[in-house]
Each structure stands twice: as structure tokens, then as C-alpha cells.
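Chains, contacts and geometry: an overview
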Amino acid sequence: MPAALSVSEILASSDGVDTRAVATDLWPRRLIERRDGIAATLPQQVWWPQSQAEVQAIVHAARAQRRPIVPYGAGSGVCGGISPTTQTWVIDLKRMDRIIRIDPAAHEVVVEAGMVGDRLERRLNEAGFTLGHFPSSIYSSTVGGWFATRSAGQLSSRYGKIEDMVIGVWGVDGRGERIEAHVDDLPTGPGAVQMLCGSEGALAIVTQLRLRIEPMPSHRWLRGFTASSLQDGLTSMQRLLQSGAAPSVVRLYDPLDAALSSSHPPQPNEPDHITGGAIACAGIEDSGPHPDDETNPFEPLLQRLEKLMIFSRPHASRTIVGEALARPALLSGLLDRLDAKPRFIIGLEGSADDIHQRLPVVRRSLVGATDLGAAPGERWLSHRHRVSYRMSKVFAAGGWVDTCETACGWAEVLPLYRAMREALRDLAVVMCHFSHAYIDGCSLYFTFAGGGTTGSEGGPRSSLSRYDLAWERALLVLRKHGAALSHHHGIGRLKAHVARSDGTMTVLAAMKRALDPDGILNPGVLGVGGP
Amino acid sequence: MTPTFVLDRVNRLARFDADLPLCIAQRWLSSQGFSLPLLRPIPGASLHQLCQRAPSLVEALVRDAVLHIHGDSTPLQTLSSPRAAMGPSALAAAFCHPPLARMKMANVRVLPLADVTSDVMDRPRAGAGAWLLEQFHQRHGFVLDVVAVGDRLHGALMRARTATTDLAQPSRLSSLPAARSSTFHTASALLPRAADIQQALDRGERVIAWPQWWRMTKTQPRPVRGAWSPHPTIPLDAACEQLAQAMRRSS
């Protein structure tokens, strides 16, 4: 069916200022390249449609010219989902940011894909609801981006991942035709929604989503604990999830991660505080990007190293930090001597009565834990969205930082954790927290920082080479331990070469042939189509 | 041939043939001190049949599976982690309309009998939706299975033994009415709402909900005109083309 609209009516630009803004996402490899003077490939044009009909018109035109198309949300992806060629058209969906309807009776919201996360949550809060989806990128990610990458938020233990919230999807396929799927749709069945979810723009350009929303819980309880060992901490998490206590938040930080965050003394006699207000909405207004805040987990490390410098010259501390990160084995050895215990944050939501009922179960689940009182939990709550905004200091110091999130069964968690740290020891300092816990396993979120020579010359000691080698080893470890290549960041191009060999990609490739016969939708992402 | 069972006690998973009747799987699990997360009566259907009829439950009930694509002898192992972000779900794809693959073997989520118990609930149907969810949360529930007979609600809640709430009644699972029809249809993803449950009860539908896995389904008392019925597996490309057409038709 021909599109009714002409593309000449749609806002677009080929200006370098505009195309540069959508040429990459936040894939750290691109950040290293930029710092080292390697120019980004700019797309041919960027489009800003305002409706599904306009998206259709763009796809029709692109198909006629056999141009690759890349949908763009807020650009906070970290896996290279946005990687255009010079022929690519980028479709920036941020002008499609309307809430079509909030249905309080059906507990549903229908929202356009370009809506940025915190704006949606605030609108829902005004209506007495929450989506329950709080990725740390909430200020810089869109609803469509969440769906495209199977995103997870900090309260996923209670509200699920985005694939558990979506009950309907609208989009445009590679033929420029409208498509639609709903969980209660007889012709396609509920599986069709899950076929589109996580497709990273390779099957369709998602334009609108129908999501399940929840009434905001009235009360919360947050508490910090230390664990006597990582094994005890993981056992506690497993028991807690298998107890039926349904926590909203369970986060366990490994000793290094715990050592670099604020310390809290034991508070064994502090009574339980059940506070009015849900975890779900708290902090959205207050915890936005603050320029002077400790946001990156490596930021305290940077500051401590800087303080050690007595005779510092301007910028010398950064040089030393860069040098230190280039010797990660030495740095890891020093950091391992820090006397720190793993730390928990546990949170419950519900009515005050409901929380009281569940508290004994939570406490019975903990093994070898020391109570730190409410302060660590409340601090986490007020800082929880600040993590995504301060990578630049590490990069400016000549280093690099990335994150690798995965998931596996409980029995494999500790072996995988140890293997990853060992595999990367000579390339990066590695810390980890465990969150997004389930009855049968949990997610491991590794943050690793390394260094190397800077500049565009390359070579085996360059930052880029060491970064690539770190990822090669990390992916091997994941494969060896049967863990997922990603829990909630997606595959992009970073992991595409490994994902390509996965048997399940047979199904994706067949679906792409049906929905995108010319292979114009984000070719190469997820290891299907493209180079 | 003796069926093959493998029990993973740490991760609470049982691996068995997807064509095996669930009652046989349940018998074996009971002997090992575990149970399927389904309340009695366990459907006589196999796991594959249950997933075909109640596709919204698949990703809750099954962690991972071996799938067979029509005409391709290479078995396809889906991701063996509790959750992932590695593209579309191959497990869900197996139960699209038409199905893109057939389930042969699966790792199914199970519950240890030592840790769970079941409460039978019998009360007026009116206002039961909200009450049931309240009970679910207060009693640390895993599975809710309810049906209305006339103006009465009959249901059962499989819940953690650690729950502090005392039982209102002793467990009497055998008194739970039998499933009235095998015509399942899907309901919401995510946490079931009280209104969803109440509406289903008012229609005489049976509700099976696993809120810890954000899924529920309903069974209808009688076949519905236009309702989907199980499809045979067809060649993958043809199945994908049909699914794409269905998505376009839906629009």
C-alpha cells in the first residue's frame, strides 16, 4: 500500500551538526574512538517524524532507494545499536512523544515510542500510577528504546522487565506497512509481542506501545546489610527470592563495589522504618543529573587517587589515573587488599500491614548479615539515577569504562563472577553487583575499567585494542558458563558476532525475511543482515 | 521407554519431555519432593499442549527448551538463563500463531513441597478479585488458581510455608473443582489485576496466575467462536510469513 504522505513534508536534515548528533549511541568503544581522534561515520540524513504515517513514508522512500534505516531514541544504548553507514537514514523518534491515553480502569497506558522515561513516569505518578520501570538511564532513554533492547529497571524483582509490562505494540515493518500485535490478540497470539520485543530495530520501527501500569504502593521499607562473604550474600538473595516475600529491590555489591561507596556503621538496634511513599516514584524529581555528584562507581576511586598526589600539577592526577588504569593487575591487587564486605540493599513496597507481614520472612532469609539500618537504602534511593552521567572523567584520564550485564542460574553465579574477574585481571579493574534477581537465578552487572595508549595510531597496547580484547574474553567467559550474552542492554554490534552463532537466531533471521525482505532495517544489529 | 527426568534442586528446575503428560511429570516430581507450579487437577495434557493452549504462561512456566523447527533436524536450544536481552524470544516464537517451532524438551520451573503449601478458598464470588490478590501478597503466594461456581468462588493458592499468616482452613486440594474446559485464552502480561480476575470469574472462567512471573491465563467454560486452536508446525519461512501477515491484518 503506497504511503499517503510525501517525505518532503517531513522534517529532516543532512547538516553535519544534526547527523553527528545521531551518529552513535553511548557505546564506550565509540567514546574511545572519539577521544582518540577517530572520526565517526555520519549518516546521510536524519528524519524527525511525528506520526506513524510519516514513519511509513520514510520507510517507503528508503526502500525505493535501498537505504539502511536506523531508528533512534535517546541514544543511551551501550552496545552499538546505532552504527550508520554514510548511506543510512536515521529516524529520530523523539518527536513522537505523546501519551495517547492513560486508562485507570484497565491499568494501561498507550504511549508513543519516543517518550523519554522520566516524563512518562511523572505523568503516570500524577494519575496515581507507576510503570515500575526505572533503568538508571531513565532521563536519557525512550519507551521505544526500552522495548527494542528488553530493558530492565531497578525494581524488576517486583514489576518485571519491560517484556513483562508490554501488552501491545504498533510499528512499521521493512515494507513500510503498519503492523500490530497484542497479548490478547487471537490472530497472532501473545508470542508475537515477544517476537518484536528485543529486536533492536531489525524487524520493525516501533511507533507506539501499550503498557500495563500499577497503582502506586503506599509505603516502602529499605534497609542495608553487609554479608560476611559473597557466598553468604548470594545464598541470602536466593533464599529471599524463593521465599515468596516478593521484594522490590535486592542488590548485592561485591567487596570492591562496596568499598568504593559510602560507608555505614552497623545499626543492629535501629527499628524498622516503614515510610510513606513508594520506592517506585521516589527520587524521580530529585535524582537527576547533578554535575558535582559521585555518579560513576569509579569516581570515588579517581578521587582517592587524586588525593594521594601531594605534589600535583594541573592535570597530573588524571595522568596518574590513566597510568594506573593501564596497569589493572597492579591496581586490582591493591584494591583487593581493601577490607570490605559485600553489601546489600533490600526494599519492600506495599501497604504498611503487608510490609510488616513480609519483614520476618526477609530477615529469616538472610545468612551472615549485619544490619546497617535504613540509611544505605535511602541513600541508594536518592542517588539511583545518577550513574549514567559521569563516564567522561575516566575517559578524559586516558582510561575507559564499560559494563557487561548477564544472567545465569544460582549455581553458576559465583563461578562466573570469579572467572570473569580472573579473565580480565590484566586488562581491567572489575567490580560487580548482583541485581534483577529471580527464583532461578540472577543478573550479574560487571563494571570494568582499563587503560592503554591513546591516539589514533592503534597497536596492541592502545586503549581500543585492550578494550576489544577485554570484551572478547568477557564474551568467552559468558559462553563457557552458559550465561546470557546480555540481561538488559541488548546485543547491538558489540556482541553480534557471538550472537550470530546462536541457534535461536535462526528464528530471528526467518522473521526478518518476512518483515524486512530487503534487509534495510538496522542491518547488522543482533547479527542478522548486514556485514 | 522410561521417561527421562532431571531435577536441578538449586535452581528449582525439572527437565523432561514436552510430550509427556503432566500428570506423569507431577507424580515423579512428588516422589522427589517437588511439584509443578500448577494446582490440582494437573491437566492431562502434555507440557507442549498446555503451552499451546495457554501461550501467555510459557515464559513463566518454562525457563528454557529444546525446540524443533519443521524440516530441520538440528535441535534449537533456547537461552538457559532466567532472563536475557538477546533479541526476540525463541521460546515465545514456538507458541505464536502459527507456531514457529515445536517444543521437545524443557526445563520447567518447579516448587519444593517442603517450602510450599496450598490454601483452599471458598467464599462469595462478589468482590473476590481484589480479595484474592490481597491474599496472594499477604500469604507470599506463588500460584493462584480460581474458578467460580454460581455465586461462590472456589480457588486455591499455592504459597510459601514461611508466610506468617495462619491458614483460615486446612488444605483440601482435592475439593478444588476440576478444570471445566481446555479452551484457554490469554490474559494480561505483568501482574494480574483484581479487575481481570473478577471479570473472568463473572464469566465463569478459570484463572491461573503466576504473579511472581508476571503472567496469567484464563480458561473458558466452552469453546469460543473464532478462538485460536492449536496449529501444526509448518516450515519456518512459511510460518514467519503467516505471522507477519497476521500482524499486518491486526493493524
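**Some thoughts on the overall build of chain B**
Secondary structure assignment for chain B yields 7 helices and 13 strands. Looking at chain B as a whole, 60% of its 251 residues qualify as buried. Summing over all exposed atoms, chain B offers an accessible surface of approximately 9,300 Å²; the carbon and sulfur share of this is 53%.

**Quick word on the overall build of chain A**
Each helix and strand counted, chain A has 20 helices and 19 strands in total. Over its C-alpha trace chain A gives a radius of gyration of 23 Å, about what one expects of a compact globule, namely 24 Å for 531 residues. Principal-axis analysis of the C-alpha atoms places the extent of chain A at approximately 70 × 60 × 40 Å. For chain A, the proportion of its 531 residues judged to be buried stands at 63%. Contacts spanning at least 24 positions in sequence make up 77% of the contacts within chain A whose residues lie at least 6 apart. Counting every atom, chain A has about 18,400 Å² of accessible surface; 53% of that belongs to carbon and sulfur. Counting 55 positive and 56 negative side-chain charges, chain A places the averaged centre of each group 4 Å from the other.

**Concerning the packing of aromatic side chains**
A complete count under the given rule lists 10 aromatic pairs over all chains for this structure. Relative to B:Trp213, the ring of A:Tyr438 lies with its centre 5.8 Å away and its plane at 15 degrees, an arrangement referred to as stacked. With A:Tyr438 in strand 18 (residues 429–438) and B:Trp213 in the loop between strand 12 (206–210) and strand 13 (215–220), this pair bridges two chains. Given a relative accessible area of 6%, B:Trp213 falls into the buried group.

**Digging into the interface of chain B and chain A**
One widely used convention gives an interface's size as the accessible area the parts lose upon coming together. Each side of the interface is counted separately: chain B has 65 residues, and chain A has 87 residues. Interface area, chain B with chain A, both sides summed: about 6,000 Å², of which 60% is carbon and sulfur. Broken down residue by residue, the surface that chain B buries against chain A is led by B:Met86, B:Met247 and B:Arg248, which jointly contribute 12%. The shortest N-O distance in the salt bridge between B:Arg248 and A:Glu177 comes to 3.9 Å. Where chain B packs against chain A, one counts 17 residue pairs in polar contact (both at pLDDT 80 or more). For the side of chain B that touches chain A, the leading source of residues is helix 7 (residues 236–250) of chain B, giving 11 residues. Looking at the side of chain B that touches chain A, its residues break down into 32 nonpolar, 22 polar and 11 charged.

**Section: the confidence of the model for chain B**
Considering every residue of chain B, the mean pLDDT works out to 81; 81% of them sit at 70 or more. Counting interchain partners and residues more than four positions distant, the pLDDT-below-50 stretch residues 165–182 of chain B has 42 contacts.

**Considering the packing of helix 5 (residues 128–138) of chain B against helix 6 (residues 194–202) of chain B**
Residues and elements named next belong to chain B. At a minimum axis distance of 7 Å, the contact between helix 5 and helix 6 shows a crossing angle of 130 degrees. When the interaxial angle is binned, helix 5 and helix 6 end up oblique. Judged by the sense of rotation from one axis to the other, the crossing of helix 5 with helix 6 is right-handed. Between helix 5, through Ala-128, Gly-129, Ala-130, Leu-132 and Leu-133, and helix 6, the contact on the second element is made entirely by Ala-194, Ile-197, Gln-198 and Leu-201. A breakdown of the residues in the contact of helix 5 with helix 6 according to their chemical character gives 7 nonpolar, 2 polar and no charged.

**Regarding the confidence of the model for chain A**
Any region with low pLDDT has predicted coordinates that should not be read closely. All names here are of chain A. Across chain A, the average pLDDT comes to 89, with 90% of residues at or above 70. Taken as a whole, residues 286–295 scores under 50 in pLDDT and shows 22 contacts with residues more than four places along the chain or in a different chain. In this model, residues 309–314 is a region of pLDDT below 50 whose contacts with residues beyond four sequence positions or in other chains number 3 contacts.

**Focus on the sheet that holds strand 2 (residues 45–47) of chain A**
Residues and elements named next belong to chain A. Taken together, 4 strands build an open sheet; the order of strands is 1-2-4-3 and the sheet is mixed. Two strands close off the open sheet at either side, each with one partner strand: strand 1 (12–13) and strand 3 (69–72). Sheet topology note: the strand 1/strand 2 ladder contains 2 bridges and is antiparallel. Opposite Ser-13, over in strand 2, you have Val-46 as the bridge partner.

**Focus: helix 15 (residues 375–383) of chain A**
An α-helical turn contains 3.6 residues, so any two residues separated by three or four positions project in the same direction. Where helix 15 of chain A is concerned, the buried positions are A:Pro376, A:Gly377, A:Trp380 and A:Leu381. The buried residues of helix 15 of chain A all sit within an arc of 140 degrees when viewed along its axis, so they share a single face.

**What to know about the pattern of salt bridges**
One pass over the full model with this rule turns up 47 salt bridges over all chains. Here A:Glu349 makes a salt bridge to A:Arg158, at a shortest N to O gap of 4.0 Å. Placement of A:Glu349 in strand 15 (residues 343–350) and of A:Arg158 in helix 6 (residues 156–159) is noted, with a sequence separation of 191 residues between them. The same class applies to A:Glu349 as to A:Arg158, namely buried. Ionic contacts of the salt-bridge type, sharing partners, join the residues A:Arg150, A:Lys161, A:Glu163, A:Asp164, B:Glu59, B:Arg83 and B:Arg215 into one network.

**Side note on the pairing of strand 2 (residues 13–17) of chain B**
Residues and elements named next belong to chain B. In the sheet, strand 1 (residues 6–8) pairs with strand 2 via 3 bridges, with the strands oriented antiparallel. What sits directly across from Leu-7, in strand 2, is Ala-14. Taking the residues between adjacent antiparallel strands as the criterion, strand 1 and strand 2 are bridged by 4 residues, where Arg-12 takes a positive phi near 60 degrees. When strand 2 meets strand 6 (residues 102–109), the two strands line up antiparallel, connected through 5 bridges. Across the sheet, the residue bridging to Phe-16 is Ala-106, located in strand 6.

**As for the sheet that holds strand 6 (residues 108–112) of chain A**
Residue and element names in this part refer to chain A. Taken in spatial order, the 5 strands make up an open sheet running 5-6-10-8-9, and their pairing is antiparallel. The sheet is open, and its two edges are formed by strand 5 (99–103) and strand 9 (178–182), each paired on a single side. The mean angle between the axes of side-by-side strands here comes to 15 degrees, regardless of whether they run parallel or antiparallel. Where strand 5 lies against strand 6, 4 bridges are found, and the strand directions are antiparallel. Counterpart to Asp-103 in the pairing with strand 6 is Glu-108.

About the cut-offs
Residues numbered from 1 in each chain as written. Chains lettered and ligands numbered in written order. Predicted model: local features only at pLDDT ≥ 70, side-chain atom pairs only at ≥ 80, totals over all residues. Heavy atoms only, no water. Helix = DSSP H or I, 4+ residues; strand = E, 2+ residues; numbered from the N terminus. Buried < 20%, exposed > 50% of the residue type's maximum accessible area, 1.4 Å probe, protein only. Areas by Shrake-Rupley, 256 points an atom, 1.4 Å probe, with all protein chains shown as cover. Rg over C-alpha atoms; globule rule 2.2 N^0.38 Å. Contact = heavy atoms within 4.5 Å. Lys, Arg positive; Asp, Glu negative; His and termini not counted. Charge placed at Lys NZ, Arg CZ, Asp CG, Glu CD. Phe/Tyr/Trp six-rings, centres within 6.5 Å; stacked < 30°, edge-to-face > 60°. Buried area = accessible area lost by both parts, 1.4 Å probe. Salt bridge = Lys/Arg side-chain N within 4 Å of Asp/Glu carboxyl O. Polar contact = N/O pair within 3.5 Å; in protein donor to acceptor, adjacent residues only side chain to side chain. Nonpolar A, V, L, I, M, F, W, Y, C, P; charged D, E, K, R; others polar. pLDDT = per-residue confidence, 0-100. Axes fitted to C-alpha atoms, helices over the stretch in contact; angles between N-to-C directions. Parallel < 35°, antiparallel > 145°, perpendicular 65-115°, else oblique. Left-handed = near helix turned anticlockwise from the far one by under 90°. Pairing = 2+ DSSP bridges. Arc of directions from axis to C-beta.

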